[in-house]
Amino acid sequence: KALGKDTLNLDFIVTEGNQVYIDKVEIRNNTKTKEKVIRRDVVAFPGDKFSRDALIRTQRNLMVLNYFENVIPDVQPTGPDKVNVVVTVTEKPTDTANLSMGYSAQDGLIGSAGVAFNNFLGNGQMVNLNVQLGGQGYRVFSVGFSEPFLFDTRTSFGTSLYYSYDGNRRAQILGFKSKSYGGSLSFGRRLKWPDDYFSASWAISYSNSTLKPLSASNLLPQFAYGVQKAVTISQVIQRDSRDAAEFPRTGSTYSLGADVAIINVDTTG
């Protein structure tokens, strides 16, 4: 309605429709990732009142997994008060591999290889294995595994092991030989307070390092040799509201961590 030469009133007439409920939630186009891995991050459920916010949050949860190139939620009416929610995903490569070779006067020919499965067998688990070998007897091995939903709960679990050794030929060049090994266990939990973007994790790790001289005329002072054992306990509280794991457009990440280490050094050996 015009009130003057440069003034008018705008009237908005809104007709609200009936509330609708979700009848089914369908997952489509997942060629590798198992359906249960997707459904545990879906927050729209059959029988719930339809909510656009639930669709947006579902899309965000799935994109943060970094298993999919795209996630498209859709709504399909099936009756006067019923809709189906259809979530169509586009899988992307998630596994990586590396292979390298080099040469140095100290270590000779060096080679390293590793693989990382970031969605192992479509179960959402992470498995990694790395090997490094040197021509003078240098060896490094490491392996790791993590499960983001232990027993289909919001609890995560992870473990890792490593071992390194300087063989005899390399030890003769350096004047000492060393060996170290260790591992870690970690648990995490998705929190619902202060909001459900928060998570907390705890880890305990152990390391054992041995450094021994080959002769009295060695390169390092005597107090540098011996056995060092360490136990480290770590805690991290994190809030991650990003809308994607890669190239996020909205959201933020904050984390607060603390470490406590107990170290025992024995130089008598």
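In the block above lies the structure referred to throughout.
Residues numbered from 1 in each chain as written. Predicted model: local features only at pLDDT ≥ 70, side-chain atom pairs only at ≥ 80, totals over all residues. Heavy atoms only, no water.

Draft legend 1. Just the nonpolar core, in detail. Ranked by size, the top nonpolar core spans 19 residues in total, and within it Ile38, Leu62, Phe68, Val71 and Val87 carry the most contacts. Taken together, the elements giving at least two residues each to this core come down to β1 (21-28), α1 (35-39), α2 (52-64), β2 (68-79) and β3 (82-91). Among the elements that take part in this core, α2 stands out by supplying 4 residues, more than any other. (Core = buried A, V, L, I, M, F, W, Y, C linked by side-chain atoms within 4.5 Å. Buried < 20%, exposed > 50% of the residue type's maximum accessible area, 1.4 Å probe, protein only. Helix = DSSP H or I, 4+ residues; strand = E, 2+ residues; numbered from the N terminus.)

Draft legend 2. Molecular detail of the packing of aromatic side chains. Counted by the stated rule, this structure contains 3 aromatic pairs. Relative to Phe68, the ring of Tyr67 has its centre 6.1 Å away and its plane inclined at 75 degrees; by these criteria the two rings are edge-to-face. Neither Tyr67 nor Phe68 differs from the other in exposure class; each is buried. Aromatic side chains Phe157 and Phe187 sit 5.2 Å apart centroid to centroid with 55 degrees between the ring planes, which places their arrangement in the tilted category. (Phe/Tyr/Trp six-rings, centres within 6.5 Å; stacked < 30°, edge-to-face > 60°.)

Draft legend 3. The environment of Gly114, seen in detail. One can find Gly114 in strand β5 (residues 108-120). Residues Gly114 and Val131 lie 17 residues apart in sequence; the distance between their C-alpha atoms is 6.2 Å. When near neighbours in sequence (up to four residues on either side) are disregarded, Gly114 contacts Thr96, Ala97, Asn98, Leu129 and Asn130. (Contact = heavy atoms within 4.5 Å.)

Draft legend 4. Structural detail: the layout of surface pockets. Considered as a void within the structure, the largest pocket measures approximately 1400 Å³ in volume. What lines the largest pocket is a set of 48 residues, and nearest its centre among them are Val64, Leu65, Pro148, Arg190 and Ser199. Listing elements by their share of the lining of the largest pocket, those giving two or more residues are α2, β7 (138-147), β8 (155-166), β9 (176-190), β10 (198-213) and β11 (226-240). Top element by residues in the lining of the largest pocket is β10. It accounts for 6 residues. Residue composition of the lining of the largest pocket, grouped by class: 20 nonpolar, 15 polar and 13 charged. What lines the second largest pocket is a set of 13 residues, among which Ile56, Gln59, Arg60, Asp243 and Arg249 lie closest to the centre. Elements supplying a minimum of two residues to the lining of the second largest pocket: α2 and β2. Considering each element in turn, the lining of the second largest pocket owes the most residues, 5 residues, to α2. Its residues placed into classes, the lining of the second largest pocket shows 5 nonpolar, 4 polar and 4 charged. (1 Å grid on protein atoms, 1.4 Å probe; cavity = no way out; pocket = protein on both sides within 12 Å on 5 of 7 lines; lining within 4 Å. Points joined across faces, edges and corners; volume = space filled by probe spheres on them. Nonpolar A, V, L, I, M, F, W, Y, C, P; charged D, E, K, R; others polar.)

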